[in-house]
Amino acid sequence: NQIFLRDEVSKMLELNKYIDLIIPRGGNKLVKYIKENTKIPVLGHAEGICHIYIDKSATKNMAEKICIDSKTQYPSACNSVETILINKNYPYIKELIEILKENEVLVKGDELCVEYGALPCEEDDWKTEYGDKIVSIKIVQDIDEAIEHINTYGSHHTDSIITEDFDNAEKFTTLVDSSGVYVNASTRFTD
């Protein structure tokens, strides 16, 4: 059945005289295959390196619920969170790491996160789509560092801020260069 589907897709990709646009729905391998094997314009993404920034004003309950949903609801989806950036003044860093681990998420992190029980991150982790119950966490100085990190390492798919600060929410939604940018919502909201 897989071979039949692959043959049918391959035939379709040759029909650039008849098809104006392809919008692939499926995993990373399928989207990459389609992009590499057609002259037809493709509206799709091959990576989903999504971020959540937890601002210092975020409430503990909201941050935990959104991070758990964003990572565990469907971890292989392109809109699953891969990196969580946390403001250094957010008071519940350790608790967030613990609750992620309680939900069977493998947590990787920077030096402070390692002190709280995370495994150490490598530079490649910041640009990795895990597609699994794995998340990397980085402690940042402020919202500006979070935005810079997202615009450097993200795939411009979906990113979210958790905050009670309207000005920071507005700054984040204005400066993060992604298709979906949310305030106090799971990255899984995007489809």
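Scroll up to find the structure this text is about.
From a predicted model like this one, the values you see are computed outputs, not experimental measurements.

Caption draft 1: Summary view of the overall build of the protein. What the protein contains, in helices and strands, is seven helices and seven strands. Counting from the amino terminus, the protein carries its helices and strands in the arrangement α-α-β-α-β-α-β-α-β-β-α-β-α-β. Its C-alpha atoms give the protein principal-axis dimensions of about 55 × 35 × 25 Å. Across the 191 residues that make up the protein, the buried fraction comes to 44%. For the protein, the exposed surface amounts to about 10,400 Å²; the carbon and sulfur share of it is 49%. If you average the places of the 21 positive and of the 34 negative side-chain charges in the protein, the two averages end up 6 Å apart.

Caption draft 2: Fine view of a nonpolar patch on the surface. A cluster of nonpolar side chains, Met12, Leu15 and Tyr18, forms an exposed patch at the surface whose accessible area comes to about 320 Å². Among the structural elements, Met12 can be located in helix H1 (residues 2-13). A relative accessible area of 31% means that Met12 is categorised as partly exposed.

Caption draft 3: Just unusual backbone geometry, in detail. If you check the backbone angles, Glu104 has positive phi at about 65 degrees while not being a glycine. Along the chain, Glu104 turns up in the loop between helix H4 (93-102) and strand E3 (106-109). Relative accessible area serves as the criterion here: at 62%, Glu104 is assigned to the exposed category.

Caption draft 4: How the structure looks around the sheet that holds strand E6 (residues 158-162). On the basis of which strands lie adjacent, the open sheet formed by seven strands has the order E4-E3-E5-E2-E1-E6-E7 and parallel pairing. Strands with a single pairing partner mark the edges of an open sheet, and in this sheet they are strand E4 (119-120) and strand E7 (180-183). Of the strand pairs in this sheet, strand E2 (residues 81-87) and strand E5 (residues 134-140) are connected by five bridges, and their pairing is parallel. By the bridge assignment, Ile86 is partnered in E5 with Ile139.

Caption draft 5: Quick peek at the pairing of E7. Along E7, the buried face is formed by Gly180 and Tyr182; none of Val181 and Val183, which line the opposite face, is buried. Note: E6 against E7, four bridges, orientation parallel. Bridging from a neighbouring strand, Asp159 pairs with Val181 of E7. On the question of chirality, the crossover connecting E6 to the parallel E7 by way of helix H7 (residues 166-175) is right-handed.

Caption draft 6: Summary view of the pattern of salt bridges. This structure, assessed with the given rule, holds seven salt bridges. When the shortest N-O distance is used, the salt bridge between Lys60 and Glu64 registers 3.0 Å. One end of the pair, Lys60, and the other, Glu64, are both in helix H3 (residues 60-72), four residues apart, so they sit about a helical turn from each other. Taking the relative accessible area as the measure of exposure, Lys60 reaches 31% and is therefore partly exposed. Assessed through its relative accessible area of 11%, Glu64 is described here as buried. Notably, a salt bridge pairs Lys138 with Glu145, separated by 4.0 Å at the nearest N-O pair.

Caption draft 7: Structural view of the pairing of E6. When you tally the buried positions in E6, you get five out of five residues, the bulk of the element. The alternating pattern of E6 places Thr158, Ser160 and Ile162 on one face and Asp159 and Ile161 on the opposite face, and all of these are buried. Bridge analysis of strand E1 (residues 50-54) against E6 gives four bridges, and the strand direction is parallel. Bridge pairing links Ile52 to Ser160 in E6.

The rules behind the values
- Residues numbered from 1 in each chain as written.
- Predicted model: local features only at pLDDT ≥ 70, side-chain atom pairs only at ≥ 80, totals over all residues.
- Heavy atoms only, no water.
- Helix = DSSP H or I, 4+ residues; strand = E, 2+ residues; numbered from the N terminus.
- Buried < 20%, exposed > 50% of the residue type's maximum accessible area, 1.4 Å probe, protein only.
- Areas by Shrake-Rupley, 256 points an atom, 1.4 Å probe, with all protein chains shown as cover.
- Lys, Arg positive; Asp, Glu negative; His and termini not counted.
- Charge placed at Lys NZ, Arg CZ, Asp CG, Glu CD.
- Patch = residues over 30% accessible without salt bridge, like charges linked within 9 Å, V, L, I, M, F, W, Y side chains within 5 Å.
- Salt bridge = Lys/Arg side-chain N within 4 Å of Asp/Glu carboxyl O.
- Pairing = 2+ DSSP bridges.
- Right-handed = clockwise from strand over helix to strand, strands pointing away.

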